[in-house]
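# A closer look at the structure
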Amino acid sequence: MILSAKTHPVIKTVKSLADKKFRQSLGQYLVEGVKSVEECISAGCKIDKIICTEKWQDRFPDAVLASDELFKSISTEQTPQGVIAVVEIPKAQLKAPEGDCLLLDCLQDPGNLGTVIRTANAAGYEEIYLINCTDPYSPKAVRASMGGVFRVTLYRSTCEEIFTALSGVPLICADMNGEDIFKFNPPEKFCLCIGNEGSGISDEVSARADFTVKIPMRATCESLNAAVSAGIAMYALKNHK
């Protein structure tokens, strides 16, 4: 059977998950696109259901089929491929990191957040702590993570709870008033902190910093994009160890 009614319960659920409050209440998020859904499956994520058009029926034989017109109405993409998965949000219990990790302090742009997660996965930062950040499971953030969100562990909690988990782990804050990151020798284990796109590291987090580093720039450049800064810092610190 091919679904064509917007009032079908499956379709209503998918549409609702574009909204943060429903992602929170249902504990689910959306993954869209053939490659992304296949990567999600490969990573062992808990998939509740897959919805696709007839074009992809052979590739996803257990999927719920939807008409092309109906699929366009639930897609979060400008040019839908015809495959979308409803995935369970992992319930990660807050704990101390096993290796080098990230602390993201008030990142508000989902594209930046997703890109940071993507780069963290590439650079080997498998645990990411988030304080007052935008939703990492929003469609835009998931899309920007390019599968990274399936491969890292995300911890979302209060500042105090996160710092309890990070107790004893040196915190390296990225800030324009710090020392040159390319001359800095990081400790054996550390947590790199990236701040808000506009205001940088919050006072609450800055007060906990053990080290502060900066990316040197020409005088003609005022600042770098948060995700770009995060990427440079992640690799610079790894390469100095």
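Each remark here, short or long, concerns the structure printed above.
### With respect to unusual backbone geometry
- With a phi close to 55 degrees, Asn-132 is a non-glycine residue in the positive phi region.
- Position of Asn-132 relative to the elements: it lies in the loop between strand S7 (127-131) and helix H6 (139-145).
- For Asn-132, a relative accessible area of 56% gives the class exposed.
- Within the chain, Met-146 stands out as a residue other than glycine whose phi angle is a positive 50 degrees.

### Topic: the sheet that holds strand S11 (residues 211-214)
- Overall, parallel pairing links the 6 strands, which are arranged S8-S7-S6-S10-S9-S11 in an open sheet. Lying at the two open borders of the sheet, with one neighbouring strand each, are strand S8 (153-156) and S11. This sheet shows a mean twist of 35 degrees between the axes of neighbouring strands, independent of strand direction.
- Pairing geometry for strand S9 (residues 171-180) and S11, over 5 bridges, is parallel. Across the sheet, residue Ala-174 finds its bridge partner in S11, namely Val-213.
- Of the strands in this sheet, strand S6 (101-105), S7 and S8 are in contact with helix H5 (residues 110-123), which crosses S6 at around 170 degrees.

### A closer look at the sheet that holds strand S1 (residues 2-3)
- Sheet architecture is open: 5 strands sit in the order S1-S4-S3-S5-S2, paired in mixed fashion. Every other strand in the sheet has two partners, leaving S1 and strand S2 (28-32) as the edge strands with one partner each.
- The pairing of strand S3 (residues 47-52) with strand S5 (residues 83-88) spans 5 bridges and is antiparallel. In the strand pairing of S5, Ile-47 is matched with Val-87.

### Considering the packing of aromatic side chains
- One pass over the full model with this rule turns up 4 aromatic pairs.
- Of note, Lys-238 hangs over the ring of Tyr-125, and the distance from its end group to the ring centre comes to 4.8 Å.

### Things to note about the pattern of salt bridges
- What the rule picks out here adds up to 10 salt bridges.
- The residue Arg-143 makes a salt bridge to Glu-77 at a minimum N-O spacing of 3.8 Å. Taken as a pair, Arg-143 in helix H6 and Glu-77 in the loop between helix H4 (68-74) and S5 lie far apart in primary sequence, 66 residues in all.
- We classify Arg-143 as partly exposed; its relative accessible area is 34%.
- Between Arg-156 and Asp-135 there is a salt bridge, and its shortest N-O distance comes to 3.2 Å. Of this pair, Arg-156 sits in strand S8 while Asp-135 sits in the loop between S7 and H6, and the two are 21 residues apart along the sequence.

Conventions and cut-offs
- Residues numbered from 1 in each chain as written.
- Predicted model: local features only at pLDDT ≥ 70, side-chain atom pairs only at ≥ 80, totals over all residues.
- Heavy atoms only, no water.
- Helix = DSSP H or I, 4+ residues; strand = E, 2+ residues; numbered from the N terminus.
- Buried < 20%, exposed > 50% of the residue type's maximum accessible area, 1.4 Å probe, protein only.
- Pairing = 2+ DSSP bridges.
- Axes fitted to C-alpha atoms, helices over the stretch in contact; angles between N-to-C directions.
- Contact = heavy atoms within 4.5 Å.
- Phe/Tyr/Trp six-rings, centres within 6.5 Å; stacked < 30°, edge-to-face > 60°.
- Lys NZ or Arg CZ within 6 Å of the ring centre and 35° of its normal.
- Salt bridge = Lys/Arg side-chain N within 4 Å of Asp/Glu carboxyl O.

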